[in-house]
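The residues making up each chain are set out below.
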Amino acid sequence: MNMIENNLLNIFVFLPLTGAFAVLLVPKNREELTGYLSLFFSLANLLMGTYFYFNYSPDISFFYKIAWIPSIGLNYSLYMDGLALMLSLLTALLTPLAILSSFSAVKK
């Protein structure tokens, strides 16, 4: 796995959290913007999930590991095998659908 996929794996994990913080920063008088902003972040996450799906090989799983606090042996690591990929992709697919359905169902 190359460096770009390492960074994409981190972005794939933390993009929904970034989107949630971005939605929290929207002013109260622009509430309609929250739906579009959350849809944007969820579609970006779905796009990255489909990238992982089409570039997955059973021989090589997506893996990222870096020493976080080496003095005490603490590491930050991410691992995505086939099952985790399918569940992540399912979540990435259902999130934009739920957001789109809330556009007509939620009024205030």
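Residues numbered from 1 in each chain as written. Predicted model: local features only at pLDDT ≥ 70, side-chain atom pairs only at ≥ 80, totals over all residues. Heavy atoms only, no water.

Q: Which parts of the structure should I look at to understand the nonpolar core?
A: Note on soluble globular proteins: their nonpolar side chains tend to be buried together. Counting residues in hydrophobic clusters, the biggest one holds 12 residues: L9, F12, L15, A22, F41, M48, F52, F62, Y64, L78, M80 and L85. Contributions of two or more residues to this core are made by α1 (3–24), α2 (32–54), β1 (62–69) and β2 (74–80). Per element, the largest residue contribution to this core is four residues, and it comes from α1. (Core = buried A, V, L, I, M, F, W, Y, C linked by side-chain atoms within 4.5 Å. Buried < 20%, exposed > 50% of the residue type's maximum accessible area, 1.4 Å probe, protein only. Helix = DSSP H or I, 4+ residues; strand = E, 2+ residues; numbered from the N terminus.)

Q: I would appreciate a short explanation of the pattern of salt bridges in the present structure.
A: Where side chains of opposite charge bring their charged atoms close, a pairing between them can arise. Going through the model one piece at a time under the given rule, you end up with one salt bridge. Here R30 and E32 are joined by a salt bridge, their closest N and O atoms 3.4 Å apart. Looking at R30, the relative accessible area reads 40%, which means it is partly exposed. Residue class for E32 comes out partly exposed when judged on its relative accessible area of 48%. (Salt bridge = Lys/Arg side-chain N within 4 Å of Asp/Glu carboxyl O.)

Q: What am I meant to see in the environment of M48 here?
A: With respect to the helices and strands, the residue M48 is situated in helix α2. Discounting residues that sit within four places of it in the chain, M48 has contacts with L8, I11, F12 and L15. (Contact = heavy atoms within 4.5 Å.)

Q: Can you walk me through the pairing of β2 in this structure?
A: On any regular strand, side chains alternate: one points to one face of the sheet, the next to the other face. In this sheet, β2 lies alongside β1 in antiparallel orientation, the contact comprising seven bridges. Following the sheet pairing, A67 is matched in β2 by N75. (Pairing = 2+ DSSP bridges.)

Q: Mind showing me how you'd approach the side chain of N45 here?
A: With respect to the helices, strands and loops of the structure, N45 is situated in helix α2. Look at N45 and you get buried, because its relative accessible area is 10%. Those residues in contact with N45, other than ones at most four positions away along the chain, are F12, L15, P16 and A92.

Q: Teacher, can you tell me more about the confidence of the model for the protein chain here?
A: Detail in the predicted coordinates should be disregarded across regions flagged by low pLDDT. Model confidence for the protein chain is summarised by a mean pLDDT of 88, while 92% of its residues fall at 70 or above. Looking at the elements of the protein chain, mean pLDDT is at its lowest for β1, recorded as 85, and at its highest for α2, recorded as 93. (pLDDT = per-residue confidence, 0-100.)

Q: Before we go on, may I ask you to explain a nonpolar patch on the surface in this structure?
A: Taken together, L33, Y36, L83, L87, L90, L93, L94, L97, L100 and F103 make up a surface patch of nonpolar side chains, about 960 Å² in accessible area. Tallying contributions element by element places helix α3 (residues 82–105) first for the nonpolar patch, with eight residues. Relative to the elements of secondary structure, L93 occurs in helix α3. The exposure class of L93 is partly exposed, given its relative accessible area of 43%. (Patch = residues over 30% accessible without salt bridge, like charges linked within 9 Å, V, L, I, M, F, W, Y side chains within 5 Å. Areas by Shrake-Rupley, 256 points an atom, 1.4 Å probe, with all protein chains shown as cover.)

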